Amino acid sequence: DTPAALAGMQSGDLITRIDAKDVQGITLKDAVDMMRGKPNTPVKLLVFRESEKRTFEVKITRAVIKVKPVKAKLLEGNIGYLRITAFNEYTDSSMQEHFNQLVKDNKGDLKGLILDLRNNPGGLLNQAIAVADDFLESGEVVSTRGRIEGQNARYSARSGDIMNGKPILVLVNGGSASAAEIVAGALQDNKRAITVGTKSFGKGSVQTVFNLPGGTGMRLTTALYYTPSGRSIQAKGIEPDIEVKAPAVKTKTGDEFDESMLPSEAGLNGHIETSTTEEDKAAAEERRKALPAALQSLPPAKTTTPTTQGTEGKPDFQLDRTLEIMKTLLASKTPASSTK
C-alpha cells in the first residue's frame, strides 16, 4: 500500500537514478533526501531489476506513508490467514484486531491459521515477543547473549493461546529477517507451529546505541539472538520444517531467477559468523521426523498454477501449497496437541 508498491516496484529493485541524477557516489542519506518531498509531487526513478535483467523508469507520486503491518483474510475450510509485513509499534494490537475479525467473519473459531512472515524485514523486539506470546501457553520466546552480562536476557511467554491449540503454519522465506525469525523460531522450537517455505535471512544480531558527547552516538552490535532450543539465528536463519519454493521466474534474457539468488546475512561482507553444528543438523532432522505422519510424505503440489490469492490479490504458489498442507493436516485428524 505504499507509493512505490503502487507504482510496481519490488523488493530487490536497484535504484540507479533519481530524477535523472546518477546515484553513484552519493550517500544513502542524500539519496533518501532526493526521493523525499511534498505529498502528491512526482519523482522519477531509473530502476534495474535483476530477476528480469532489465532497466526501466518508474514514476512515483509521493505520499505520507502509514505502514499497515497486518493484513488478513479467510481462506476456504475455515482457515485464517494473517500476513505480518513489519514489526512496528502497532503490530501486535493490529494482529489481534484482525484475528478477532477473522473469528467474527467465520462465525466461530478458526480450524487452522497460516501466519505469513515472508519478506518481513523485522522491527521491534517487544512486538515480536508479543506476537509469539499470543500463540504460546508457556515456554521461552527468545534469549539474547553478549560478551557482557548486561546484554544477556531471556523472554518467556505468558499463559493464553488465542488459537486454543489449533494448528498453525508459519510461512517464511529469504526475506524474513530479525523479528520475523524470532517469531518463527519461537513457535517452531516450542512445537506450537510448523514452518513452511524456504530458509530465512539470518539476521540474528542485537544492536545498541551508546550516547557520546556532543549529542552524537555510536551503534554497536552487542549480542546475538537465540531461539528457545539455543540455536543462533545469525547467518544461519530458520530452516523450514517443510520446504516450499516459489517457482523460478523466466527473465527477458531467457535466464531463470529464483529467490535463492537473493542476498542473505551469510553473504554480506563483514557479517558475524556462527557455524552450523552437528547438533543443529540433528535437531532439524528430529523436527522433520516429529511432523505428523500425514505430512511426512506429502504428494506433489496439485498444480503449478495457484488458485489461492494473497492479500495483494495475486495468485500465490507458496500460499496455495501451504493451504494444501493445512488441509492435509486437518483431514488427518491429528490432535491439536501434537503441534504444540
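Before reading on, note that the structure itself is shown above.
Described below are features of the structure shown in this document. (Residues numbered from 1 in each chain as written. Predicted model: local features only at pLDDT ≥ 70, side-chain atom pairs only at ≥ 80, totals over all residues. Heavy atoms only, no water.)

## Re unusual backbone geometry
Here is the rule we go by: Helix and strand definitions follow DSSP, with helices as H or I runs of at least four residues and strands as E runs of at least two, each counted in order from the N terminus.
The backbone of Lys 53 shows a phi angle near 50°, a positive value even though the residue is not glycine. Along the polypeptide, Lys 53 turns up in the loop between strand S3 (42-49) and strand S4 (54-61).

## Considering the pattern of salt bridges
In plain terms, the rule: We define a salt bridge as a side-chain nitrogen of Lys or Arg found within 4 Å of a carboxyl oxygen belonging to Asp or Glu. To sort residues, take the accessible area from a 1.4 Å probe on protein chains only and compare it with the maximum for the residue type: under 20% means buried, over 50% means exposed, and anything in between is partly exposed.
According to the stated counting rule, one finds 17 salt bridges in the structure shown. Across the pair Arg 49 and Asp 13 runs a salt bridge, and its minimum N-O distance is 2.9 Å. Of the two residues, Arg 49 sits in strand S3 while Asp 13 sits in the loop between helix H1 (3-6) and strand S1 (14-18), which places them 36 residues apart along the sequence. Of the two residues, Arg 49 and Asp 13, neither departs from the other in class, the shared state being buried. Its salt-bridge partner being Asp 116, residue Arg 83 comes within 3.1 Å of it at the nearest N-O pair. In this pair, Arg 83 sits in strand S6 (residues 79-84) while Asp 116 sits in strand S7 (residues 112-116), placing the two residues 33 residues apart along the sequence. Residue Arg 83 is classed as buried on the basis of its relative accessible area of 12%. For Asp 116, a relative accessible area of 0% puts it in the buried group. Via salt bridges that share partners, Asp 13, Arg 49, Glu 52 and Arg 54 belong to a single interconnected network.

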